[in-house]
Amino acid sequence: MGNRSSKTSSTSSSAEDLEGGGSGLYLTPELQAKINADFDSHIIQTEWDKYRTLHLQRHQKRETSSSLRHAELQEQTSALRSQAKAVHDKLDEMVDAAQSKLVDLEVEVGYIVNR
């Protein structure tokens, strides 16, 4: 009888080994769920980090591009302002010359009339 019961228990442990894959390591469903959740969390975190890195790179590229465009526009604005100032100065000179001629003509006409 003693031999028979020991054989039965070894048979049942062999059945358990076959069911568990024979590794001898058994995980509770809770532990397996936690491992799965941690693995999923790691995958999600990795993907999020990739997305965030790409997003930050695109943002920096846009900021750099925007800064360069802003500098170009400032330069163009400055050039246009100096051109406008040159044109206004030339127009002021022309107006002054025309007023000077007009005053000279008024004086000449006044001199001729008074003669």
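1. Remarks on the overall build of the chain
Here comes step 1: Secondary structure assignment for the chain yields two helices and zero strands.
Here comes step 2: Each of the 115 residues in the chain was classed as buried or not, and the buried ones make up 0%.
Here comes step 3: Total accessible area on the chain is roughly 10,700 Å²; 59% of this is exposed by carbon and sulfur atoms.

2. Topic: the pattern of salt bridges
Here the idea is simple: oppositely charged side chains can pair when their charged atoms come close.
Here comes step 1: The full count for this structure, using the stated rule, is five salt bridges.
Here comes step 2: The salt bridge partner of Asp49 is Arg52, with a shortest N-O separation of 3.4 Å. On the criterion of helical spacing, the pair formed by Asp49 and Arg52 is a turn pair, its members being three residues apart in helix 2 (residues 29–114).
Here comes step 3: Take Arg52: its relative accessible area is 41%, and that puts it in the partly exposed class.
Here comes step 4: Arg69 is the partner of Glu72 in a salt bridge, and the nearest nitrogen-oxygen pair spans 3.4 Å. Linking Glu72 with Arg69, this pair stays in helix 2, spanning three residues, or about one helical turn.

3. Things to note about a nonpolar patch on the surface
Here comes step 1: Nonpolar side chains collect at one region of the surface, where Leu25, Leu27, Leu31 and Ile35 lie side by side and expose about 350 Å² of accessible area between them.
Here comes step 2: Mapped onto the fold, Leu27 is located in the loop between helix 1 (2–19) and helix 2.
Here comes step 3: According to the relative accessible area criterion, Leu27 is partly exposed, its value standing at 38%.

Parameters at a glance
- Every chain's residues receive numbers from 1 upward, in the order its sequence appears when written.
- Whole-chain, interface and lining totals are the exception, using all residues; otherwise, since this is a predicted model, local features are given only for residues with pLDDT of at least 70 and side-chain atom pairs are given and counted only at 80 or more.
- Here the side-chain values reflect all heavy atoms present in the structure, with hydrogen atoms and water set aside.
- Think of it this way: any DSSP run of H or I at least four residues long counts as a helix, any run of E at least two long counts as a strand, and we number them from the N terminus.
- Relative accessibility under 20% of the residue-type maximum defines a buried residue, over 50% an exposed one, and the middle range a partly exposed one, all with a 1.4 Å probe and only protein chains included.
- Accessible areas in this description were obtained via Shrake-Rupley with a 1.4 Å probe; residue shielding takes into account the shown protein chains only.
- By convention in these notes, a salt bridge is any Lys or Arg side-chain nitrogen within 4 Å of a carboxyl oxygen on Asp or Glu.
- The patches described consist of residues with a relative accessible area above 30% and no salt bridge, like charges being joined within 9 Å and nonpolar side chains (Val, Leu, Ile, Met, Phe, Trp, Tyr) within 5 Å.

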